[in-house]
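Descriptive analysis of the structure
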There are 2 protein chains.
Amino acid sequence: MEIQPVLINGQWISSTGSKTFQAVNPATAEALEACFPVSPWEEIESAIQAASAASKEMRGWPGERFASFLEAYADEIEKRTDDLVQTANLETGYPASPRLRDGELPRTTDQLRQAATHAREGSWAQPTIDTATGISAMFGAIGPVTVFGPNNFPFAFNSIAGGDFAAAVAAGNPVIAKGHSSHPGTTQIFAEAADAAAKTTQMPTGFIQLIYRTSHEDGCRLVSHPLMGAIGYTGGRSAGLTIKEAADKAGKPVYLELSSINPVFILPEALTERSAEIAEDFKGSCLMGTGQFCTNPGLVVLKSGTATDTFIQQVVQKFEEAPAGLLLSEGVQKGFQSGIKAIQSAGATLLTGGNASEGPGFSCANTLLKVTGSQFLENPEALQEEAFGNGSLFVVADTDEELAQIAESLEGNLTGCIYSHTGGNDDSLYDQIAPGLRQKAGRLLNDKMPTGVAVSPAMNHGGPYPSTGHPVFTSVGIPAAIHRFSMLQCYDNIRPHRLPDALKPQNPNPNLWRYIDGMYTTEDYNS
Amino acid sequence: MEIQPVLINGQWISSTGSKTFQAVNPATAEALEACFPVSPWEEIESAIQAASAASKEMRGWPGERFASFLEAYADEIEKRTDDLVQTANLETGYPASPRLRDGELPRTTDQLRQAATHAREGSWAQPTIDTATGISAMFGAIGPVTVFGPNNFPFAFNSIAGGDFAAAVAAGNPVIAKGHSSHPGTTQIFAEAADAAAKTTQMPTGFIQLIYRTSHEDGCRLVSHPLMGAIGYTGGRSAGLTIKEAADKAGKPVYLELSSINPVFILPEALTERSAEIAEDFKGSCLMGTGQFCTNPGLVVLKSGTATDTFIQQVVQKFEEAPAGLLLSEGVQKGFQSGIKAIQSAGATLLTGGNASEGPGFSCANTLLKVTGSQFLENPEALQEEAFGNGSLFVVADTDEELAQIAESLEGNLTGCIYSHTGGNDDSLYDQIAPGLRQKAGRLLNDKMPTGVAVSPAMNHGGPYPSTGHPVFTSVGIPAAIHRFSMLQCYDNIRPHRLPDALKPQNPNPNLWRYIDGMYTTEDYNS
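To keep things clear, this report deals only with the structure shown in the data block.

**Digging into the packing of aromatic side chains**
Enumeration according to the criterion identifies 40 aromatic pairs over all chains in this entry. Ring plane angle 25° and centroid distance 5.6 Å describe the contact between Phe69 of chain A and Tyr73 of chain A, whose orientation is recorded as stacked. Here Phe69 of chain A and its partner Tyr73 of chain A are both found in helix 2 (residues 63-79), 4 residues apart, which amounts to about one turn of the helix. Accessibility classification places Phe69 of chain A together with Tyr73 of chain A in one group, the buried group. Centroid distance Phe66 of chain B to Phe207 of chain B: 6.2 Å. Interplanar angle 55°. Geometry classified as tilted. In this pair, Phe66 of chain B sits in helix 2 (residues 63-79) while Phe207 of chain B sits in the loop between helix 6 (184-200) and strand 9 (208-211), placing the two residues 141 residues apart along the sequence. The class for Phe66 of chain B is buried, based on a relative accessible area of 3%. Members of the aromatic cluster, joined through ring pairs, are Trp61, Phe66, Phe69, Tyr73, Phe165 and Phe207 of chain A. A cation over an aromatic ring shows up here: Arg65 of chain A above the ring of Trp61 of chain A, its NZ or CZ 4.0 Å from the ring centre.

**Observations concerning the sheet that holds strand 20 (residues 441-446) of chain A**
Spatially, the 12 strands line up as an open sheet ordered 16(A)-17(A)-18(A)-15(A)-14(A)-19(A)-20(A)-19(B)-6(B)-5(B)-20(B)-21(B), and their pairing is mixed. What marks the edges here is a single partner per strand, and that holds for strand 16 (349-352) of chain A together with strand 21 (519-521) of chain B. Going from strand to strand, the sheet's axes swing by 25° on average, the running direction of each strand aside. Where strand 5 (residues 128-130) of chain B and strand 6 (residues 135-141) of chain B come together, 3 bridges link them in antiparallel fashion. Bridge assignment links Asp130 of chain B to a residue of strand 6 of chain B, and that residue is Ile135 of chain B.

**Topic: the relation of the copies chain A and chain B**
Each copy of the sequence occupies a distinct position, and chain A is placed on chain B by a rotation of 180° and an axial shift of 0.0 Å, giving an RMSD of 0.0 Å. Each copy turns onto its partner about a two-fold axis. Among all C-alpha atoms of chain A, that of Tyr520 of chain A lies closest to the rotation axis, at 3.1 Å. Of the interface residues in chain A, 100% have counterparts in chain B that sit at the interface too, so the contact is made through matching surfaces.

**With respect to the sheet that holds strand 8 (residues 135-141) of chain A**
The 12 strands lie next to each other as 23(A)-22(A)-7(A)-8(A)-21(A)-18(B)-17(B)-12(B)-13(B)-16(B)-15(B)-14(B), forming an open sheet whose pairing is mixed. Every other strand in the sheet has two partners, leaving strand 23 (519-521) of chain A together with strand 14 (349-352) of chain B as the edge strands with one partner each. Across the sheet, the mean angle from the axis of one strand to that of its neighbour is 25°, orientation sign disregarded. The pairing of strand 13 (residues 299-303) of chain B with strand 16 (residues 391-397) of chain B spans 5 bridges and is classified as parallel. Its bridge partner lying in strand 16 of chain B, Val300 of chain B is registered against Phe394 of chain B.

Calculation rules
Residues numbered from 1 in each chain as written. Chains lettered and ligands numbered in written order. Predicted model: local features only at pLDDT ≥ 70, side-chain atom pairs only at ≥ 80, totals over all residues. Heavy atoms only, no water. Phe/Tyr/Trp six-rings, centres within 6.5 Å; stacked < 30°, edge-to-face > 60°. Helix = DSSP H or I, 4+ residues; strand = E, 2+ residues; numbered from the N terminus. Buried < 20%, exposed > 50% of the residue type's maximum accessible area, 1.4 Å probe, protein only. Lys NZ or Arg CZ within 6 Å of the ring centre and 35° of its normal. Pairing = 2+ DSSP bridges. Axes fitted to C-alpha atoms, helices over the stretch in contact; angles between N-to-C directions. Least-squares fit on C-alpha atoms with pLDDT ≥ 70 in both. Contact = heavy atoms within 4.5 Å.

Put into structure tokens, the structure is as follows:
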């Protein structure tokens, strides 16, 4: 059987590994034809060496070089749209349209083009100048970045096309992409497009590279290699924490986006006011993409009463009426079921769903569970188990105090939402809950479900551990996401002609913002 | 014997611990009278609980509250100047003047006042507003911060008065200070001043607390406690890595400043031009504070030749003529000697010094060692051992290529310097060395020794591992140092009256810079 090549140092080469794997079509549970290699250590080591050489060659390159690549790459991706959509549809079960073709693909090229704009402008590097002392500083490239992509966004978070990739390149780094095993064919097409763009824009051969899979041990060696600059990882908690431990021990910056259950508090008067509308919002958000979003609302906190009983009944009915979507893999299906079982074991009642669906593909019935507030507070850790998929847990609290305590007892999450009465009837309760929830979530929302993650400079797709590895950083939102893959570089008494252009007296770019003597400006300064 | 109290939850209380310790006067090697407790776990736990309560009470407080405290505290410190200088002189052996009274103390109060100015202004939080999507974000307080202070700056990096303390408070957090065991009396006086200021400015009782010492195990429990927000640590590598491992495992942001040997490259034509001047610069920098600076130049890289031979002879003579200063403790003295022995074992020749000085206090002869460039490149790790104290290692390379390779082989450092000919005669060699050195050092210098660390917004007192734990952050330089002790907080569709003032349409402070729709401005915006 033909084995697909890996992209190492500018060449598509046959892997020297003996192990292989195939993606599985979630709609049929059957393996797809293409066969991909598990890279052995020597291959990974050669990728690291090539990336390091590229990193050295690119030192001091202007942002324009990286912007040109990112734009050429976005164009190449658009040329491959049909291939990408068709392959990703087979590998993920996501609908070709609107999800893949009209949603995720334009989002991906838009991210790459936004990253290009910011790489060219350079304000992301926060040039800071203190004319009195002759000291200046800015963020600069850190070196080879390894990106681990997740299963659930084959385009927008792809290891060689998604947000981490765009940010790492915009910061001026080479990338070693470790594709997700569930969509290797999709990742290969991206890598072909990236390779074409890299050649057109004359980037070094080790600038972008692709391996599909490694052993766990080699994954740890990769992230802790002395030549590694930083690591981006999006995916499950267990594998993520293994990567984190290896990277931490070697002192390598590692940016993880892990699990999150995204609590939604729906306050009593909001339900009195617009129960049906919120139920519809919630159903749409929770079942979107069969619940396989990092920001899927997996926990809904309510106050007991007849309006809440009615709301829950409405949602149960909607979940039962809605078709159960495909799940990405057998692993996701099993993980979802075992998550539901764990939540039941911790005391929750199953309201609907819970079982795998009939049929050849990977699917589970839309699922809802329920616990009381006091049950939740007795066992908050077990009841915050993530069941990744098309399900959610209702927590019905008896008192306002319980609602506030639940907010305080949450683990770190990407998001936290509060729905409240539009006329202010819930405001006193809001004020009891919001301060606690604020500290537990990277993004606080009002009256809106968390699944949409706008690529905005003000976005935070991040949050306290364990939702991510560090609460200062966001993985979505440009320019903020870029400087994760950089280091702060200070220049003290450096002769002016040796400074990077962005720190010289004359501003090289009228759109470049610099912080000069305590003021942000696009003007020049006098040395 | 009377045992000094700890400051827990606003009260100076007797420790419940049974173990005690005393500081030792480095000038006499005799224990000082005051006896300090090792806090048992229950005491530490009660400090954490009090800090957590304070953190909740202060949620949403304006920067003004923290600014008022910081300014009142700087005033209180000035009232205690004589006590502080006298006690620190006994505990550290540093001269009362100019070092303590005229140098470090004003620097400390200046840092606190700068932090106050920035806490009040609020630009450190980088308010970011995207009016098109209704999303905004800023950095906010993270929760209780534990600060571990080092031995070598009893004022400016003191756990309850130094840079980490000032930054953690400016971000809106309570601080648990873990004083350094070598200057507990100094730390106690600061804590008394801080406590007075906290009471005057009506801060919560758990806002600032002091413990002097813990067991290693309890130190790890402290930094990994679920209620902990973040950790600042400055000190030795071994203890720092233990703290890092515990904090990393618990997902707590930990900011470490560890060892650094601060390489200085002196290029051939610079020596031809101004050898005597550079020798004097180097001696002053290397022997300042008996070499006990994080930025002490511990590695000097030169190119072989008669000018280099002469330079080394000049420096040896100066080191032999200069009196050997006091070292901070017996531990520092032993560590310095064992560092020198390790460097010798790795192949270096001792040029002068190496032994403990005669006399009652802790002191070693001013020390210089030498290796060739090829020796260094054969064994770079062992020859980068930090010998913390009044010594340095010369590396004499034979070729330009060796100089460049040495730069590439360095570990992460806080600083890297290059001295070159003022007329440009070294520029070609500079260009071979600087790009590699740039990636290995947080701060790159020209023609200037690294020991001065200006408190400038453009300063980076940070660098790649192992000099610190994360190369994006600096521990000196306001406002940049502040946001280490924060989390990114995004507001999505939040009703305008519920937003923090800094994100509302009307700018609450004419000096507050905000990033609105891709532009920095102090203006209002239209919602």
